[in-house]
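# Summary of structural features
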Amino acid sequence: MSAPSSLDTISSLCKRRGFIFHSSEVYGGINGFWDYGPMGCEMKRNIKDDWWRFTVRTREDVAGLDATIIMHPAIWKASGHLDTFSDPMCTCRACKKLMRADQIWDILLESAAGQSLQTLIDEKADFGKIAGWCKGKGQGMSPNLASIQKPEVLSAAVEALRDNPEQYMSVQAIYTLFGNDAASTEASTISPCPYCGGELTEPRPFNLMFKTIVGPVDDPANVAYLRPETAQAIFAQFQNVLSTSRQTVPFGIAQMGKSFRNEVTPRNYTFRSREFEQMELEFFIRPDEAVELICGKVKTMADNPDLSVPQDDWGWEVWHKYWVEQRKFWIQSCGLPKDSFVEYWQKPDELAHYARACVDIQYSFPFGVQELEGIAARSDFDLSQHQKHSGKSMEVFDEPLKLAATKLDDAAKTSFINKVVSDWTSRGKDAEAAKTFVAKLFEGKYVPHVIEPSAGVDRMMLALLCNAYEEQKLLDDKGKEDVRVVMHFSPRIAPVKVAVFPLVKNKPELYSKAREVFEHLRRRYSSFWDESGAIGRRYRRQDEVGTPWCVTVDFQTLEDGTFTVRDRDSMQQERLTLEQLKAKIEDALI
RNA sequence: GCGGGCGUAAUUCAAUGGCAGAAUAGGAGCUUCCCAAGCUUCACACGUGGGUUCGAUUCCCAUCGCCCGCUCCA
């Protein structure tokens, strides 16, 4: 038994059996867009339905939302996508590297009077760390900027410099730092490439969001964008959902739907598409300070909490871990074995600045270990951004919090204020902001924090396809070797649950009995009828689309009502009645 | 966006400056059959657009797409 699931093998099968087609194929195809065929759309629907069932319907604390793809452009300004998704890019004519103008350009253009390298390193611990990193990684490489391969390190360098504009390095200092000859660039009037010193192109706009025009007038004032994620609509509609769903924090809002990103390089089949579908949950929780006021103490992971049922005293850390576990459970329940994916905790220097923690669930795809979904603890960043930009309050009123606050005497309040201020300032935040925040807490008000589990439908499906694929070598009666291709989908995800065959098609009684069984089953389950070719051939066809059970109506069926039920994975057969078969299917679909 | 490789049937592969073949898969029929059996039969391809040429699937250019490596991936 082997599973040589190269992406080519998978994509061939997907095309041959009607799972996935290249979009617009008759016109040569279009890069980064894929269509789901008869089998694919059934399977994709099953994945989405199961996510919705697990995330929304079986929970009391999650409500649904289905928002539009095109929204007010101000949403993307508030979320930060407009700035970070449409940066001008430069290309180096010499080394052909592509870089964001605002990252590299700034260093080179906004140079101040020369600071010596040693001064910078001595005075700036952060920058010293970066330089150290470069030295460490640069072993065996020529010591120049090319040794900075990690974009986040570059970002950190820019960030460190930006915080201290008076200490921007000169171009010469940068080149000296990385061992390049300062003299060679000194006379240059064209800003050089920070990697090789070569000539850069002018910054060109590089939009990662798809643009469109709302209304018939093609005017820049009417520009709108196709959403690059579904999450923002949830934040924008937060107050509406809250006031109509009879929910109170902690609770979540879930949404699935299409998103669009103008990826630089869509690659790896459907893994990184330009049009894709997301399943996102924004789960809103109390700030830890509110939990502390209500419960007296905040539970953290250090307390080794039981994660099975949410508790009032959970802090953000426990909630985050809780959702990581929930997501892993769901992924497994779809049929991905536990050992096929890993839980990757992003390092502090990999986190977005507003994120407190982010876990990637990564699957071993044939092309490498890649992110399947992410679970981020995003603090109150998103709601606060929308509150700031829209001018509308994103605060909630929390009655238990108000009650808890009124029970505190002045001394306890002062002590609490001091504690929060000391905590915030130790994390580099403003003391006044902390005091305002606590004053609001005492009134029972705060902007909720959020835990965001965000999954890609297409990625999940690709992982399930890769995982399900198996080529089995079989020997027939004559000892002849034969290869069977089987898709081991879990019954819940399988596009077709049951196939029905008449053993022979030229015996009217048998044929009509088989039709009767089929008509009965298809009312409830996705079913497939096949009367063509030898019975073995029909079994193999179903194996390739992963149908868990095949039913063959034969002569005995006419006598006792039982038929053969053949199991996809074991190829074993058993005789069952219709009722027994239905019970078997129901059992597997729970 | 850059560099390299590659585009022939639904799939996997041949061949060719002069009628493009096969295997598998698919349809119809016979066989009435429990793991791709057999027989008969049918349909299906040179990604697209230019150029060179008497003639281009083949050579050249462009374009689109795929793969690999960069780059990018809030």
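Structure's up top.
Residues numbered from 1 in each chain as written. Chains lettered and ligands numbered in written order. Predicted model: local features only at pLDDT ≥ 70, side-chain atom pairs only at ≥ 80, totals over all residues. Heavy atoms only, no water.

### Some remarks on the environment of alanine 233
Heads up, the rule is: Counting from the N terminus, the helices are DSSP H or I runs at least four residues long and the strands are E runs at least two residues long.
Residue position: alanine 233 is located in helix α11 (residues 231-236). For alanine 233 and threonine 68, which are 165 residues apart along the polypeptide, the C-alpha to C-alpha distance reads 7.9 Å.

### Points about the side chain of glutamate 470
Selection rule: As used in this structure description, the phrase polar contact means that two N or O atoms lie within 3.5 Å; if the pair is within protein, one of them must be able to donate a hydrogen and the other to accept it, and residues adjacent in sequence are counted only when both atoms belong to side chains.
Topologically, glutamate 470 is positioned in strand β16 (residues 469-475). Within the local environment of glutamate 470, its side chain forms a polar contact with the side chain of glutamine 472, the two groups lying 3.0 Å apart.

### A few points about the nonpolar core
Heads up, the rule is: Among buried residues, those of type Ala, Val, Leu, Ile, Met, Phe, Trp, Tyr and Cys that are joined through side-chain atoms within 4.5 Å constitute a nonpolar core. The classification of residues rests on relative accessible area computed with a 1.4 Å probe and restricted to protein chains. Under 20% of the type maximum is buried, over 50% is exposed, and intermediate values are partly exposed. The contact criterion used is simple: two residues touch if any of their non-hydrogen atoms lie within 4.5 Å.
One finds Phe19, Ile47, Trp330, Leu336, Met460 and Leu465 to be the most contacted residues of the largest nonpolar core, which totals 62 residues. Residue contributions to this core peak at nine residues, all from helix α19 (residues 457-468). Ignoring any residue separated from it by four or fewer positions in sequence, one finds leucine 465 in contact with Ile10, Cys14, Phe19, Ile20, Met43, Met487 and Phe489. The next biggest cluster of nonpolar side chains, apart from the first, holds 40 residues, and it includes Phe251, Leu293, Ala405 and Phe416.

### Some remarks on the pattern of salt bridges
Put simply, the test is: Salt-bridge detection follows one rule: a side-chain nitrogen of Lys or Arg within 4 Å of a carboxyl oxygen of Asp or Glu.
Applying the stated criterion across every chain yields a total of 35 salt bridges. Among the salt bridges present, the one from arginine 492 reaches aspartate 50, with a minimum N-O distance of 2.8 Å. Of this pair, arginine 492 sits in the loop between β17 (481-487) and β18 (498-502) while aspartate 50 is found in helix α2 (residues 38-57), placing the two residues 442 residues apart along the sequence. For the pair arginine 492 and aspartate 50, one class covers both residues: buried. As a salt-bridge pair, arginine 575 and aspartate 554 come within 2.9 Å of each other at their nearest N and O atoms. Remark: aspartate 554 occurs in the loop between β20 (549-553) and α22 (555-560) and arginine 575 occurs in strand β22 (residues 573-576); sequence separation between them is 21 residues. The exposure class assigned to arginine 575 is partly exposed, which follows from its relative accessible area of 30%. Because the salt bridges share partners, they merge into one network encompassing Lys321, Glu325, Lys328 and Glu343.

### Observations regarding the packing of helix α20 (residues 508-522) against helix α23 (residues 578-589)
The axes of two packed helices give the description: the angle between them and the distance between them. The following threshold applies: For helices, the fitted axis covers only the stretch in contact; all axes are lines through C-alpha atoms, and the angles between them, taken along N-to-C directions, range from 0 to 180 degrees. In this scheme the crossing of two helices becomes right-handed for a clockwise turn of the near helix relative to the far one and left-handed for an anticlockwise turn of less than a right angle.
It is at 12 Å that the axes of α20 and α23 come closest, and there the two elements cross at 35 degrees. Here the hand of the crossing between α20 and α23 comes out right-handed. Where α20 approaches α23, its residues Val517, His520 and Leu521 are matched on the opposing element by Leu578, Leu581 and Lys582.

### Let's talk about the state of the cysteines
Counted only if it meets this: Any two cysteine sulfur atoms within 2.5 Å of one another count as a disulfide.
Tallied over the full model, the rule gives zero disulfides. Distance from the sulfur of cysteine 41, which forms no disulfide, to the nearest cysteine sulfur (cysteine 14) is 13 Å. Here cysteine 550 is not disulfide-linked; the sulfur of cysteine 14 is the nearest cysteine sulfur, at 19 Å.

### Let's talk about the packing of helix α13 (residues 288-295) against helix α16 (residues 399-406)
Keep this limit in mind: Between 65 and 115 degrees an angle is taken as roughly perpendicular, under 35 as roughly parallel, over 145 as roughly antiparallel, and anywhere else as oblique. When residues are sorted by character, Ala, Val, Leu, Ile, Met, Phe, Trp, Tyr, Cys and Pro go into the nonpolar class, Asp, Glu, Lys and Arg into the charged class, and all the rest, Gly among them, into the polar class.
Their axes nearest at 8 Å, the elements α13 and α16 cross at an angle of 60 degrees. When the axes of α13 and α16 are compared, the pair comes out oblique. The two elements α13 and α16 meet at a crossing, and its hand is left-handed. Side by side, α13 and α16 meet where Ala290, Leu293 and Ile294 of the first sit next to Pro400, Leu401 and Ala404 of the second. Residues belonging to the contact of α13 with α16 are distributed by class as follows: six nonpolar, no polar and no charged.

### Concerning a nonpolar patch on the surface
Our working rule: Every patch collects residues that have over 30% relative accessible area and no salt bridge, joining them within 9 Å if they carry like charges and within 5 Å if they are nonpolar side chains (Val, Leu, Ile, Met, Phe, Trp, Tyr). Here the open area of atoms and residues is found with the Shrake-Rupley method and a 1.4 Å probe, where only the protein chains shown may cover a residue.
Residues Leu503, Phe555 and Leu558 make up a contiguous nonpolar surface patch of roughly 240 Å² in combined accessible area. Inspection of the secondary structure assignment puts leucine 503 in the loop between β18 and α20.

### Section: the sheet that holds strand β9 (residues 275-285)
Where we set the bar: Two strands pair if DSSP finds at least two bridges between them.
Taken in spatial order, the seven strands line up as β3-β8-β9-β15-β12-β11-β10 in an open sheet, and their pairing is mixed. With one partner strand each, in any of the chains shown, β3 (62-64) and β10 (341-345) form the two edges of the open sheet. Across the sheet, the mean angle separating the axes of adjacent strands is 25 degrees when strand polarity is ignored. Where β3 meets strand β8 (residues 251-260), three bridges bridge the pair, whose relative direction is parallel. When the bridges of β8 are listed, glycine 64 appears paired with alanine 254. Lying over the sheet, α2 contacts β3, β8 and β9, oriented at roughly 160 degrees with respect to β8. Lying over the sheet, α19 contacts β9, β11 (357-365), β12 (368-377) and β15 (449-456), oriented at roughly 35 degrees with respect to β11.

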